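Each chain is listed here by its residues.
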Amino acid sequence: MPSTDPFKNKVAIVTGAAQGLGLDYAMALAARGARVVISDLGTDRSGEGQDPAAVSVALDALKAKGHDVVAHVGHLENEEECRQLVELAISHFGALDILIHNAGWVDCQGIETQEQAFLERALGISVHAPVWLAKHAWKHLKASEAPRIVLTTSDRAMYQRYAQPGLVAYSAGKMAQVGIMNALSMEGLEHGILVNAISPVAKTRMWGVTQPPEELKPEWVTPGVLYLASPLCRDTGYILRASNGQFTATRFSENSGVSYPRDLARVEASSLAEVAERWSRIKECHYVPIKVANTRADLGESPVWDARTGALYFVDITGGRIHRLLPDGEVEKLYESAARIGALALTDQGNLIFTEDASVAILDVAPGKVRQYSMPVHHRPSYRFNDGACDPHGRFVTGLMDEGPSGKTGALFRFDGELHDEVIHDGLSLPNGITWSADGQTVFFVDSVARAIYRAEYLPEGRLEQVSLFAETPAELGRPDGIALDREGGLWVCQFNGSCLLRYDRHGHLTDQVVMPVPRPTSVCFGGDGMDTLFITTARVGMSPAELRHYPDAGDLYAIRPEVGGIARYTFKE
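Residues numbered from 1 in each chain as written. Predicted model: local features only at pLDDT ≥ 70, side-chain atom pairs only at ≥ 80, totals over all residues. Heavy atoms only, no water.

Q: Is there a simple way to explain the overall build of the chain in this structure?
A: A tally of helices and strands in the chain yields 10 helices and 32 strands. Evaluated residue by residue, the chain yields a buried proportion of 52% over its 574 residues. Restricting the contact set of the chain to residue pairs at least 6 apart, pairs at least 24 apart contribute 56%. (Helix = DSSP H or I, 4+ residues; strand = E, 2+ residues; numbered from the N terminus. Buried < 20%, exposed > 50% of the residue type's maximum accessible area, 1.4 Å probe, protein only. Contact = heavy atoms within 4.5 Å.)

Structure, rendered in structure tokens:
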């Protein structure tokens, strides 16, 4: 063991350490020279029973490797047991540097049948235990050179999308540990006691797993816990989410501009009616759009990510230009036309298929020259193609609209490899964003005038069946424009004249609202490493000089980093 190891001769308490995550934490600490006290009741998956043999087995396994370890068996819901556990560490090792509270209990009980004993058991291990352990460990931690506390919370408590029925008691306890962490992190500052939390996902006895898992392994969480428990960590009050060897640190962050508690710097309302009317704006989410490039597009649209080159393509419709954002942040003009360029997509050869007025063309990217044109599908100059994308079979689908407008004369056209066209859906007023599900069996498309996002079954031959309304966007938030799907089936939509992005889950329920710094976001696409960045084009077309003075960045390119990454778009088969 190298003398530079940050855990050498440190003293750690790990609760829930007979199996699973806790045992792996204890093993890792001891292997790095820490002296460890393991504590566990030895309960079964449902938290029932008490088997001291489980702790004995863990203790023997640790000692067999030559580690300096002692064991404790007791009910930590009780303050006296917590005191005894801390004193056990002091009596054996003379100090205490690290407290990791991993012990937990989970079981389901519906709210109508909730029992007091059930609730008290959950709160005992998740609320009473960390408080009593911290109370009796505090004076000893104050004497340490690098005192650390790591509590344990759960994504199922913190995030509504992962919540499950019957977990009220469990979620209450796990969420309480976030509050305990926040309070202790402030109380510990003057003493250098750093308090953080881990939110692990791992297959252990709580999952009913008895064999070593092939995924979500406990040992893939451990590096994050080691960091939080080590002198290398200099932060306090963070929640480290850990799953499958991946980590992300988060905390509940305040919106910008807030002067707590008197000014939330957000939406004002003085009556029930005003709260109801402004609800869509009130429930905005925490994402902050970041400007990617000063593009000043008149009508930016149709962003497309090229994973092979790390470039982002997008168009300026009224400017008749195709732009390319390079990995170094530079924006170059790739192609310019006297026509309006409405939609853009990649081909399987790394070229681009795009629309010019009511025609479709293929652009060879390297020379920047058009190789092939389709016949125009309409000869009236007010008609042009708008947004578009490629279907799972490599065909290009784009929506024809009348800038007139002239009622429900818009339609979706499908183009094959020879650029022959066929109408696959009509009766639209302003066809807009279109995208396909990851399995290619469902297509989503927008009619901006109707404020509607539709969903339909997409057949292999390129026909639509069972078209239905997926979501109708709020009238006070402008009109829906471009769309993109994330890996959970969530649909992101730009709200033109609504100054925001909306996210609907796979069932059509509104889950997030992202406020934009400009009023006219137009289209979105996922890209970047791991498809974890959502790029957003915007427009300045039709804005008055006064509006442009107020929003000088209108037409620029933005991005956010959603919690869930996106799926790659299909390409056109040349």
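Once the structure has been displayed, the description carries forward.
Q: Is there a simple way to think about the sheet that holds strand β25 (residues 464-472) in this case?
A: Remark on secondary structure: sheet strands pair via backbone hydrogen bonds, oriented parallel or antiparallel. The strand order across the open sheet built from 4 strands is β22-β23-β24-β25, with neighbouring strands paired in antiparallel fashion. The open sheet has two edge strands with one neighbour each: β22 (431-436) and β25. Here the average twist between neighbouring strands, direction ignored, is 25 degrees. Across 4 bridges, the pairing between β22 and strand β23 (residues 442-447) is antiparallel. Across the sheet, residue Thr435 finds its bridge partner in β23, namely Phe444. (Pairing = 2+ DSSP bridges. Axes fitted to C-alpha atoms, helices over the stretch in contact; angles between N-to-C directions.)

Q: Looking at this structure, how should I read the pairing of strand β29 (residues 510-515)?
A: In summary, the side chains of a regular strand alternate between the two faces of the sheet. Relative to β29, strand β28 (residues 500-504) is paired through 5 bridges, and the arrangement is antiparallel. Counted as the bridge partner of Arg503 is Asp512 from β29. Taking the residues that link successive antiparallel strands as the turn, the β28-β29 hairpin has 5 residues, and the phi of Gly508 there is positive, at about 85 degrees.

Q: Looking at this model, I keep getting lost on the sheet that holds strand β15 (residues 352-356). Mind explaining?
A: With respect to topology, 4 strands assemble into an open sheet ordered β14-β15-β16-β17, the strand pairing being antiparallel. The outermost strands of the open sheet, each flanked by one partner alone, are β14 (341-346) and β17 (369-373). On average, each strand axis in the sheet is inclined to that of its neighbour by 30 degrees, with strand direction left out of account.

Q: Please clarify how the pattern of salt bridges should be interpreted in this entry.
A: Proximity of charged atoms lets side chains of opposite charge pair with each other. Applying the stated rule across the entire model yields 28 salt bridges. Residue Asp357 is joined to Arg340 by a salt bridge in which the shortest nitrogen-to-oxygen separation is 2.8 Å. Pair noted here: Asp357 is in the loop between β15 and β16 (359-364) and Arg340 is in the loop between β13 (331-336) and β14, with a separation of 17 residues, a long-range link. The salt bridge involving Glu403 is made with Arg384; its shortest N-O contact spans 2.6 Å. With Glu403 in the loop between β19 (396-402) and β20 (410-415) and Arg384 in strand β18 (residues 383-390), the pair connects residues that are 19 residues apart, well separated along the chain. Residue Glu403 is classed as partly exposed on the basis of its relative accessible area, which comes to 39%. Exposure remark for Arg384: the relative accessible area of 5% places this residue in the buried category. Connected through shared salt-bridge partners, Arg161, Asp486, Glu488, Arg503 and Asp512 make up one network. (Salt bridge = Lys/Arg side-chain N within 4 Å of Asp/Glu carboxyl O.)

Q: Can you help me understand unusual backbone geometry in this one?
A: What is expected of a backbone is that most residues other than glycine have negative phi and most peptide bonds are trans. With phi around 55 degrees, Gln466 is a residue other than glycine that occupies positive phi space. Non-glycine residue Asn497 carries a positive phi angle of around 70 degrees.

Q: Would you mind going over the packing of aromatic side chains with me for this structure?
A: Each aromatic ring pair is specified by the distance between its two centres and by the angle formed by the two planes. Inspection of the entire model under this criterion finds 10 aromatic pairs. Considering the side-chain rings of Tyr159 and Tyr162, the 6.0 Å spacing of their centres and the 65 degrees angle between planes classify their relative orientation as edge-to-face. According to the relative accessible area criterion, Tyr159 is buried, its value standing at 15%. Centre to centre, the rings of Phe385 and Phe415 are 5.8 Å apart; their planes meet at 80 degrees, and the pair counts as edge-to-face. Taken together, the positions of Phe385 in strand β18 and Phe415 in strand β20 put the pair 30 residues apart, joining distant regions of the chain. A network of ring pairs unites the aromatic residues Phe385, Phe413 and Phe415 as a single cluster. If you follow Arg121 out to its NZ or CZ, it ends over the ring of Trp105, 4.9 Å from the centre. The ring of Tyr238 carries Arg251 above its face, with NZ or CZ at 3.9 Å from the centroid. (Phe/Tyr/Trp six-rings, centres within 6.5 Å; stacked < 30°, edge-to-face > 60°. Lys NZ or Arg CZ within 6 Å of the ring centre and 35° of its normal.)

Q: Looking at this structure, how should I read the packing of helix α1 (residues 20-31) against helix α7 (residues 222-229)?
A: Each pair of packed helices gets described by two things: the angle between the helix axes and the distance between those axes. Following both chains from N to C, one finds α1 and α7 inclined at 60 degrees, their axes separated by 10 Å at the closest point. Considering the angle they form, α1 stands oblique to α7. With respect to the hand of their crossing, α1 and α7 are arranged in right-handed fashion. Along its contact with α1, which presents Asp24, Tyr25, Ala28 and Leu29, the element α7 presents Thr222, Val225 and Leu226. Counted by class, the contact of α1 with α7 contains 5 nonpolar, 1 polar and 1 charged residues. (Parallel < 35°, antiparallel > 145°, perpendicular 65-115°, else oblique. Left-handed = near helix turned anticlockwise from the far one by under 90°. Nonpolar A, V, L, I, M, F, W, Y, C, P; charged D, E, K, R; others polar.)

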